[in-house]
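Spelled out, the chains give:
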Amino acid sequence: MSTGTIAIVGAGQAGGWAAQTLRSEGFAGRVVLIGDEPHRPYERPPLSKAVLSGDAHADTTHLLKPEAFDALGIDWRPNVGATFIDRAAKQLHLTQGEHVPYDKLILCSGGRARRLNIPGADLPGVFSLRSIEDAAALGAALSAGKRLLVIGGGWIGLEVAATARKKGMDVTVVEAMGRLCERTVPPEISGYLLQLHTTHGVDIRLGTGIEHLVQSARGGLTASFTDGHQLECDAVLVGVGLVPNDELAREAGLACEGGVRVDSQCRSSDPDILAAGDVATWHCEWAGRRMRLESWQNAQEQGIAAARAALGIAVNHQPLPWFWSDQYEVNLQIFGMPTPAHDVVVRGDRNSSSFVMFFLDAGKVVAALGPNAARDLRFARRLIERRTRVDAAQLADLQVPLAKL
Ligand SMILES: Cc1cc2nc3c(=O)[nH]c(=O)nc-3n(C[C@H](O)[C@H](O)[C@H](O)COP(=O)(O)OP(=O)(O)OC[C@H]3O[C@@H](n4cnc5c(N)ncnc54)[C@H](O)[C@@H]3O)c2cc1C
């Protein structure tokens, strides 16, 4: 397909990559990029790190410089929401009543921060973090000597906790599950994260939740825990996960299952509608199950794959999952999908600042992760992608270069 109209809902990371890929693949037709935010496509990872700490300006998150983006000749609609997909007429309805006809439609609508369903969740001083505006509002509330309560011990909560500690705040993290990042890392790494944060002075409370929040007499907030404790704080960050923005797809009758169901060619149950990024659920061969992958890498690669697929180019979106997180002086990277069922081999001292943990299934490396170990993890990635069978003793032996394996 080289002419016609391709509409993209969501001008975030996946949508931005889809739009620029259509052009780089030579599509000369009309590209309509509909985004309900005021910004050109941008990346979110710095919002909990350098942008939140004030070390980087929000503009640095943009996928492309404004001139480069404008040169793509895209019909970009900022501050406009898509409200309805008329599949029979192949038209997308927008806020303000406009209808955009499409030949192909790519849904890149991402997700929104899950809200806490407790009394006081809407009080001033309670924040969530998804957008540039969220980062500006939360950033303004972070200041030395004040107390931050983070609800949710997942990646965003922990990154904000680290940023707030660096700014000199007192930080408490409360996590309802029994360990940190329980959904995404095995117990060894939860333990590592716990130690990392307690060493940096964060008060971590596991296995307890927040029952309600009230405005306190001195102008801050009082949080009541399910275990009966109370905590006074100046600000609260709620980091309890993401809700996929799949309402458009569901209302249009597309198959959805905790997100828009797509195949490895990013096609939904309607072959003229594709989806990519945080909103899409696909069968990940590396995990052996259908899932949404909320990561920078997936948003980029699936956005590219969806654009190519929309043009009729054969794609098979099966990237080896890669995720990173920056907390304090630690850059933690994860390749593959480690689970507690895998055999674990540790290379290096797991109490040191840098080591690699390999996860083996029937003698083959299927996942690896580690703090401050980017170089070793590059080799680990190759072992995983080539499904290499390795000798566990050699893997653990620092004298044996990984390149040799
Ligand atoms: C604070 C933060 C830190 C992160 N850190 C990391 C990290 O360190 N490493 C990592 O791998 N990943 C990280 N991520 C995850 C990564 O940023 C996301 O996976 C990625 O942004 C997903 O991109 P997306 O395009 O699918 O969705 P988004 O970037 O959310 O874009 C979706 C866009 O669609 C818009 N939209 C929704 N509905 C409509 C509609 N009906 N009409 C018009 N527009 C609509 C939304 O407003 C949004 O602008 C982080 C995410 C956050 C929020």
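Residues numbered from 1 in each chain as written. Predicted model: local features only at pLDDT ≥ 70, side-chain atom pairs only at ≥ 80, totals over all residues. Heavy atoms only, no water.

Participant: Let's hear about the nonpolar core: which residues, and what values?
Facilitator: Judged by nonpolar contacts, the single largest core of 43 residues is most densely connected at Leu138, Leu148, Val171, Val173, Ile189 and Leu193. Ranked by residues supplied to this core, first place goes to helix α5 (residues 155-166) with six residues. Among all residues touching leucine 193, those that are not within four sequence positions of it are Trp155, Leu158, Leu180, Cys181, Gln327 and Leu332. (Core = buried A, V, L, I, M, F, W, Y, C linked by side-chain atoms within 4.5 Å. Buried < 20%, exposed > 50% of the residue type's maximum accessible area, 1.4 Å probe, protein only. Helix = DSSP H or I, 4+ residues; strand = E, 2+ residues; numbered from the N terminus. Contact = heavy atoms within 4.5 Å.)

Participant: Got a sec to walk through the site of the ligand? Specific residues and values, please.
Facilitator: Close to the ligand lie 32 residues; Asp36, Glu37, Arg44, Lys49 and Arg130 are nearest. Taken by itself the ligand offers 1000 Å² of open surface, and the protein chains cover 94% of this. Contributing elements (two or more residues each) for the shell around the ligand: α1 (13-24), α5, α8 (296-310) and β22 (322-327). Partitioned by chemical class, the residues of the shell around the ligand number 13 nonpolar, 11 polar and eight charged. Split by domain, the residues of the shell around the ligand number at least three in each of domain 1 (5-112 + 242-310) and domain 2 (126-238). (Near = heavy atom within 4 Å. Areas by Shrake-Rupley, 256 points an atom, 1.4 Å probe, with all protein chains shown as cover. Nonpolar A, V, L, I, M, F, W, Y, C, P; charged D, E, K, R; others polar. Domains from an automatic or database assignment.)

Participant: Any chance you could break down the domain arrangement of the chain for me, citing the residues and the numbers?
Facilitator: Looking at the assigned domains, one finds that the chain contains domain 1 (5-112 + 242-310), domain 2 (126-238) and domain 3 (329-404). Of the residues lining the interface, 11 residues belong to domain 2; the matching set on domain 3 comes to 16 residues. Buried surface at the junction of domain 2 and domain 3, summed over both partners, amounts to about 940 Å²; 76% is from carbon and sulfur atoms. On the domain 2 side of the interface with domain 3, the three residues burying the most area are Glu188, Ile189 and Tyr192, jointly 50% of the side's total. One can count zero salt bridges joining domain 2 with domain 3. Viewed at the interface, domain 3 and domain 2 are joined by one residue pair in polar contact (both at pLDDT 80 or more). (Buried area = accessible area lost by both parts, 1.4 Å probe. Salt bridge = Lys/Arg side-chain N within 4 Å of Asp/Glu carboxyl O. Polar contact = N/O pair within 3.5 Å; in protein donor to acceptor, adjacent residues only side chain to side chain.)

Participant: Give a detailed account of the pairing of strand β20 (residues 280-284), specifying residues and quantitative values.
Facilitator: Of all five residues making up β20, four are buried, and the element is well covered by its neighbours. When strand β18 (residues 260-261) meets β20, the two strands line up parallel, connected through two bridges. Following the sheet pairing, arginine 261 is matched in β20 by threonine 281. When β20 meets strand β21 (residues 289-291), the two strands line up antiparallel, connected through three bridges. Bridging across to β21, histidine 283 finds its partner in arginine 290. Hairpin remark: β20 followed by β21, antiparallel, with four residues in the connecting loop; positive phi at glycine 288, about 70°. (Pairing = 2+ DSSP bridges.)

Participant: Run through the sheet that holds strand β3 (residues 75-77), naming residues and quoting values.
Facilitator: Strand order in the open sheet made by the five strands is β3-β2-β1-β7-β19, with parallel pairing throughout. Where the open sheet ends on each side, the last strands, each with one partner, are β3 and β19 (273-275). Neighbour to neighbour, the strand axes of the sheet diverge by 15° on average, direction disregarded. Examined bridge by bridge, strand β1 (residues 5-9) and strand β2 (residues 30-34) share five bridges and lie parallel to one another. When the bridges of β2 are listed, threonine 5 appears paired with arginine 30. Where α8 meets the sheet, its contacts fall on β1, β7 (104-107) and β19, and the angle it forms with β19 comes to roughly 165°. (Axes fitted to C-alpha atoms, helices over the stretch in contact; angles between N-to-C directions.)

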